[in-house]
Amino acid sequence: MERRGEAAAAALPQTLDFTVENVEKALHQLYYDPNIENKNLAQKWLMQAQVSPQAWHFSWLLLDMDKVPEIQYFGASALHIKISRYWNDIPADQYESLKSQLFSQITRFASGSKIVLTRLCVALASLALNMMPEAWPCAVADMVRMFQAEDSNVDGRARCLALLELLTVLPEEFQTSRLPQYRKGQVRSVLAQECSSVFPLLEQLLQQQDSPSFIKQKVLKCFSSWVQLEIPLMECENLIQAAFTSLRDPELFDTAVEAIVNAISQPDAQRYVNTLLKLIPPVLGLQEQLRQAVQSRDMETSHGICRIAVALGENHSRALLDQVDHWQSFLALVNMIMFCTGIPGHYPVNETTSSLTLTFWYTLQDDILSFDPEKQAMYQQVYRPVYFQLVDVLLHKAQFPSDEEYSCWSSDEKEQFRIYRVDISDTLMYVYEMLGAELLSSLYDKLGRLLTNTEQPSSWQHTEALLYGFQSIAETIDVNYSDVVPGLIGLIPHISISNVQLADTVMFTIGALSEWLADHPVMINNVLPLVLQALGNPELSISSVSTLKKICRECKYDLPPYAANIVAVSQDVLMKQIHKTSQCMWLMQALGFLLSALQVEEILKNLHSLITPYIQQLEKLADETPNPSNKLAIIHILGLLSNLFTTLDISHHDDDHESSEVKKLPVPQGPNPVVMVLQQVFQLIQKVLSKWLNDAQVVESVCSIFEKSVKTLLDDFAPMVPQLCEMLGQMYSTIPQASAIDLTRQLVHIFAHEPAHFPPIKALFLLVTSVTLTLFQQGPRDHPDIVDSFMQLLAQALKRKPDLFLCSSLDVKAVFHCGVISLKFPEAPTVKAACGFFTELLPRCGEIPPVGQVVHENGKMLLQAVLEGVGGQAARNLMDHFAEILFALNKHCFSYLSVWIKEVMQQDGFPSARVSPEQKEIFSQQILRERVNKRRVKEMVKEFTLLCRGLHGTEYTADY
């Protein structure tokens, strides 16, 4: 270690003895060997050394004053690990010698390396926590006395710092210690009593005129550490007051803030109301210092003072509001926090303080509204004006800076500002509960004055902020009964939109009012032109498209007069490729909603003009040789069609929950427009597929068109079933893809009970099953997605059409074996799907003879696979799914299960070498007894899997 310049020695053999020399060699290798593999080996060996019995010997030797700090540090760390983790290995008769050795080492290092001193203090702290109260009754008092005793060899100041370090790490070590729960409570109360040995010393050091800053800083850190032990607040009073005094010293400011905030924030502190009331004046006394900090742009100081005010207000608003006689002093604190909310400057560039205060306003409101009616009325009178002021302050803070200033912000600052505005929006929405409709009226009046004041033109920022406030409330609160919304809709067209941010907010505000527009369709024409105009601006892409989608969804029955215009503008922006892919997809969904409310002839006419350019493009692409760029174009066009068909629903399936029944159009007779379009493009899609059958993404995009259409059209899709089944069969036979199975599953789900349409689906199901069984024979490991989808298809078939399993051409035994293989896959979703298949299959044992026969002949193999998973082969988060299979086996094959479980459990080391024959027997009997309560079976399986994995009773089970 001393020869730092030398090349590193060869890698350490892992079998070396744990001696001082070898530890030093390993540390040298860890710090200085350039080879990362050697470093890792050294680290692994050192970790073993630290926990070895020899560590008791070499640790003390490594603390020799001639060694370098890295070696000494390792010695001190090893001592801490031995004491904290292996306490039970230390004989009680060695406690005292260990204690005195640690004391003497700390005294030696008081003037030595700081990092080594800290580790030694942590080791002594761990020793004290394990010994108190029986073996070391007055541990803290003893520590104080030991270090206050005169020792000519050690400088008094160094001794003082060593004592403060020890007292600081003691509560910290307690928080992270591995003491059992009952001991933790016992030790916490002993430490809380021992603060009487610590606090007077800390007070004395803070008050001494000649105490240097670094000592006072350590004192405040020490106090900060101790208050987290839930010391009664009144016992901390003197030190809190001293910490307030320390706030005047710039060197102590940060540490003093931390100490005060920690002391005030203790959950137990609210019990000491008188002390809390005494803290309000010193907090209010910081207002002058706060104002000066704001004026001089000292962000650290204003941030620290704000933290103190918020800590008192947020943690104790209920306790302080309860003191009705002191309402004025608490109101003064609230006003101080209001000043912090409205602190000058733009977040996050000129200030970072205001965001700290937002949660306080939630808490205060909740506490006021939780009082009995009389008290609530009294406080509403006091605080409603405060909350109206808060709205003004928040909207001012939400304003964008000047364009020039904003252009200089980094992208990170802009993102932080966006999140800050979302937080303000959430706060405004919450405040609505307190202020109600009057809040909307107030916002409307301000906006009206702003827009009609010709003498004093307002900034766009001011207008945008008021609209943002409106939008925040309208997005989540039902404003249908508000009498100011008509006026707002009337004002919107008069807003002079000179800027992207303002335009965005106008769009989002219109979107937030789309439900209101559905109830007041006469107002649609006021705002729709603005939305259509905005569609042509790529900078307004997200806001304009999402707003049009909301209007088309909510107001579709009132849009036919505007449909031609909406379609024309949308077509134009789609052709000009103004929007990114995801916005193009949203736009197609919007058009789907819009067309759903038109007459069939109108729908077909619009579909023709909308889709024809894409069909022509697709025809051209289908003739080209596959390459990456035309692949993206194909996926894009298929995506547009898919999204259009997702929402185009002339039978109005999605309206069943709505109350506006009067607006519904009669369901038209005759072919569905979507089906007509699909039939027209079917051959073209087949042509595209023939060239791209090897590409999973293109196949998925094709399947997606039909899957979305099936989900939307349901029975109306029937005319397409025969040709789609034929195409899927050809696709899957050539190159199996998971998306084709998923679409087959969808068809089984929807048409299971339609005898007229089911024969082609049945043929497709049998073909997919046959091809997949062949895939299993060739080795399914490379296709977990296909296996996953196949298992889901089988489960769906059993659920919706179990008589498929009566087909003579279906090899039920082979399917069963595939399920068992799937249970052993490493991919959790695949295993989950396989479990789902078996939980659907097992209840069919009685009604479907082929299923019953296969289960009775092969069920033992299934049980074996399930227990292997429980024994540790499968992830723990899958245990509930395995438990479902065991429950189904017990319920539907009890006589067989009782024999199988006995046979498989007799295997040595099965399902895990960690469980004894007795534990296996208990588990087997528990499972066989429980045939009613599935939750109990899940608990048994969880318990047993922990035993199998050697985790029972460990910390790993805490969150399980």
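As recorded in an unreviewed UniProt entry, the chain goes by Importin-13 and comes from Podarcis muralis. Under the UniProt heading Subunit (unreviewed entry), the note attached to the chain is "Interacts with UBC9, RAN, RBM8A, eIF-1A and PAX6." Per UniProt, the chain carries the Sequence similarities (unreviewed entry) text "Belongs to the importin beta family."

Caption draft 1: Representation of the overall build of the chain. On a plain count of helices and strands, the chain comes out with 44 helices and 0 strands. Across its three principal directions, the C-alpha atoms of the chain cover 105 × 90 × 65 Å. With 960 residues in all, the chain has 54% of them scored as buried. A sequence separation of at least 24 residues applies to 74% of the contacts in the chain between residues at least 6 apart. Carbon and sulfur atoms make up 51% of the accessible area of the chain, which totals about 42,600 Å². Looking at charge distribution, the chain has the averaged site of its 76 positive side-chain charges lying 5 Å from that of its 107 negative ones.

Caption draft 2: Local environment of the nonpolar core. In terms of nonpolar packing, the biggest core is built from 334 residues, with Trp226, Tyr383, Phe706, Phe717, Phe805 and Leu823 touching the most fellow members. Of the residues forming this core, the biggest block, 12 residues, is contributed by helix α6 (residues 114-131). Counting the residues that make up this core, at least three belong to each of domain 1 (179-266) and domain 2 (272-487). Those residues in contact with Phe805, other than ones at most four positions away along the chain, are Phe765, Leu794, Ala797, Leu798, Leu810, Val812, Val815, Phe837, Leu841, Ile848, Pro850 and Val851.

Caption draft 3: Highlighting the pattern of salt bridges. One pass over the structure, following the stated rule, counts 31 salt bridges. Note that Glu24 is salt-bridged to Lys67, the shortest N-O span being 2.6 Å. Separated by 43 residues along the polypeptide, Glu24 in helix α1 (residues 20-32) and Lys67 in the loop between α3 (55-62) and α4 (69-85) bring together distant segments of the chain. Judged by relative accessible area, which is 21%, Lys67 ranks as partly exposed. Glu827 is the salt-bridge partner of Arg781, the closest N and O atoms lying 3.3 Å from each other. With a gap of 46 residues between them, Arg781 in the loop between α36 (758-778) and α37 (784-800) and Glu827 in the loop between α38 (812-822) and α39 (828-841) connect regions that are remote in the sequence. Residue class for Arg781 comes out partly exposed when judged on its relative accessible area of 39%. Accessibility expressed as a relative area gives 25% for Glu827, which makes it partly exposed. Within this structure, Lys114, Glu165 and Lys218 form a network of salt bridges that share partners.

Caption draft 4: Seen up close, the layout of surface pockets. Considering only enclosed or pocket space, the largest pocket measures out at about 790 Å³ in volume. Around the largest pocket, the lining comprises 31 residues; the ones closest to its centre are Phe400, Arg418, Asp504, Phe508 and Ile542. Broken down by secondary-structure element, the contributors of at least two residues to the lining of the largest pocket are α20 (411-435), α22 (460-474), α24 (500-512) and α27 (541-554). Among the elements that take part in the lining of the largest pocket, α20 stands out by supplying 9 residues, more than any other. Around the second largest pocket sit 16 residues that line it, and Gly156, Arg157, Cys160, Leu205 and Gln208 are the ones nearest its centre. Taken together, the elements giving at least two residues each to the lining of the second largest pocket come down to α7 (139-148), α8 (156-176) and α9 (181-207). Among the elements that make up the lining of the second largest pocket, the one with the highest residue count is α8 (6 residues). Its residues assigned to classes, the lining of the second largest pocket shows 8 nonpolar, 5 polar and 3 charged.

Caption draft 5: Inspection of the domain arrangement of the chain at higher detail. Domain annotation of the chain identifies domain 1 (179-266) and domain 2 (272-487). Computed from C-alpha coordinates alone, the two centres of domain 1 and domain 2 are separated by 32 Å. For the pair domain 1 and domain 2, the summed buried area comes to about 1,600 Å², and 71% of that belongs to carbon and sulfur atoms. If you look at where domain 1 meets domain 2, you find 2 salt bridges. Here Arg307 and Glu258 are joined by a salt bridge, their closest N and O atoms 3.1 Å apart. Inspection of the domain 1/domain 2 interface yields 5 residue pairs in polar contact (both at pLDDT 80 or more). Within the residue set of the side of domain 1 that touches domain 2, elements represented by two or more residues are α11 (233-246) and α12 (253-264). Taken together, the residues of the side of domain 1 that touches domain 2 break down into 11 nonpolar, 3 polar and 2 charged.

Caption draft 6: Representation of the environment of Ser196. Of note, Ser196 is situated in helix α9. Look at Ser196 and you get exposed, because its relative accessible area is 51%. Sequence-wise, Ser196 and Glu235 are 39 residues apart; in three dimensions their C-alpha atoms are separated by 8.7 Å. Here Gln193 takes part through its backbone oxygen, which lies 3.0 Å from a polar atom of the side chain of Ser196.

Basis of the calculations
Residues numbered from 1 in each chain as written. Predicted model: local features only at pLDDT ≥ 70, side-chain atom pairs only at ≥ 80, totals over all residues. Heavy atoms only, no water. UniProt positions renumbered as here; feature names shortened; annotations may be inferred. Helix = DSSP H or I, 4+ residues; strand = E, 2+ residues; numbered from the N terminus. Buried < 20%, exposed > 50% of the residue type's maximum accessible area, 1.4 Å probe, protein only. Contact = heavy atoms within 4.5 Å. Areas by Shrake-Rupley, 256 points an atom, 1.4 Å probe, with all protein chains shown as cover. Lys, Arg positive; Asp, Glu negative; His and termini not counted. Charge placed at Lys NZ, Arg CZ, Asp CG, Glu CD. Core = buried A, V, L, I, M, F, W, Y, C linked by side-chain atoms within 4.5 Å. Domains from an automatic or database assignment. Salt bridge = Lys/Arg side-chain N within 4 Å of Asp/Glu carboxyl O. 1 Å grid on protein atoms, 1.4 Å probe; cavity = no way out; pocket = protein on both sides within 12 Å on 5 of 7 lines; lining within 4 Å. Points joined across faces, edges and corners; volume = space filled by probe spheres on them. Nonpolar A, V, L, I, M, F, W, Y, C, P; charged D, E, K, R; others polar. Buried area = accessible area lost by both parts, 1.4 Å probe. Polar contact = N/O pair within 3.5 Å; in protein donor to acceptor, adjacent residues only side chain to side chain.

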